[in-house]
Amino acid sequence: MLSYVLYALVIVIPAIFLAYRLYRPFTPSIPAEDSKKPAKSIMQPPRDDLLPPKDDPFTTEQLKVFDGNDPSKPLYVAIKGDIFDVTHKADSYGKGKSYNIFAGKDGSRGLGKSSLKPEDAVADYSTLDESERKVLDDWYSFFCKRYNIVGRIIDGPNIDP
Ligand code: HEM
């Protein structure tokens, strides 16, 4: 009888303990400093050197000149009538680049619909539903934090904000 008790003490209990240590559920410990860091974004960070917004008047026709076809000119993208200078992001908005469809125009509707179709890159966003309007407003504030406003379109559609 005593030998059974000794066997349990010397072999079985340490074996159970070791098995538990090896196979316990894995819970990674996050260093305190890392857990405070915001998630890294693929988007460019907001800027803190933006100039006060300008309201220089532009017609839709005048804005077309800033669509990237002439690399010596700045690149402009308009959202809800406000014109942003995106020249430093020529790798996104320049000629032949992914988001060139929005350059030299107001493509609010396309931004709200998350669409890169040329027919959607128009200023009239009045038909967007509530969630699309929220997407558009999020893009508007994204741009406000990253690009200087250089002017405003004077002949765009008149839409209730
Ligand atoms: C497969 C789909 C897509 C992928 C993988 C993608 C990827 C990206 C990436 C990596 C960026 C950040 C890099 C950069 O600024 O160039 C970005 C930015 C952006 N994306 Fe997309 N995108 C996609 C679809 C779209 C669509 C459908 C739209 C239409 C509204 C869109 C509009 C934008 C805009 C406006 C920016 C901001 C560029 C800036 O000013 O920094 N993307 N996208």
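Procedures and definitions
- Residues numbered from 1 in each chain as written.
- Predicted model: local features only at pLDDT ≥ 70, side-chain atom pairs only at ≥ 80, totals over all residues.
- Heavy atoms only, no water.
- UniProt positions renumbered as here; feature names shortened; annotations may be inferred.
- Donors = N, O, S within 2.8 Å, 3.2 Å for Na, K, Ca; no water.
- Helix = DSSP H or I, 4+ residues; strand = E, 2+ residues; numbered from the N terminus.
- Contact = heavy atoms within 4.5 Å.
- Salt bridge = Lys/Arg side-chain N within 4 Å of Asp/Glu carboxyl O.
- Buried < 20%, exposed > 50% of the residue type's maximum accessible area, 1.4 Å probe, protein only.
- Near = heavy atom within 4 Å.
- Polar contact = N/O pair within 3.5 Å; in protein donor to acceptor, adjacent residues only side chain to side chain.
- Nonpolar A, V, L, I, M, F, W, Y, C, P; charged D, E, K, R; others polar.

Looking at an unreviewed UniProt entry, the protein chain carries the name Cytochrome b5, with the source organism given as Macrolepiota fuliginosa MF-IS2. We quote the UniProt Sequence similarities (unreviewed entry) comment for the protein chain here in full: "Belongs to the cytochrome b5 family. MAPR subfamily."

Let us now look at the coordination of the iron atom of the ligand. For the iron atom of the ligand, the protein supplies a single donor, Tyr-99 (OH), at a distance of 1.8 Å. Tracing the sequence through the fold places Tyr-99 in the loop between helix H4 (90-93) and helix H5 (108-112).

Mapping Pro-46 onto the fold places it in the loop between helix H2 (32-36) and strand S1 (56-58). Taking the C-alpha atoms as reference points, Pro-46 and Phe-142, separated by 96 residues in sequence, lie 7.9 Å from one another. Other than its neighbours up to four places away in sequence, Pro-46 contacts Lys-145 and Arg-146.

Moving on to the pattern of salt bridges. This model, assessed by the stated rule, comprises nine salt bridges. Between Glu-61 and Lys-64 there is a salt bridge, and its shortest N-O distance comes to 3.3 Å. The salt bridge involving Lys-134 is made with Asp-138; its shortest N-O contact spans 2.8 Å. Taken together, the residues Lys-134 and Asp-138, both in helix H6 (residues 130-144) and four residues apart, mark about one turn of the helix. Residue Asp-138 is classed as partly exposed on the basis of its relative accessible area, which comes to 39%.

Take the site of the ligand next. In the neighbourhood of the ligand, 16 residues make up the surrounding shell, with Gln-44, Ser-92, Tyr-93, Tyr-99 and Tyr-147 lying closest. A distance of 2.6 Å separates a nitrogen atom of the ligand from a polar side-chain atom of Tyr-99. The separation between an oxygen atom of the ligand and a polar side-chain atom of Tyr-147 is 2.5 Å. For the shell around the ligand, the secondary structure elements donating two or more residues are H4, H5 and H6. Per-class residue counts for the shell around the ligand are ten nonpolar, five polar and one charged.

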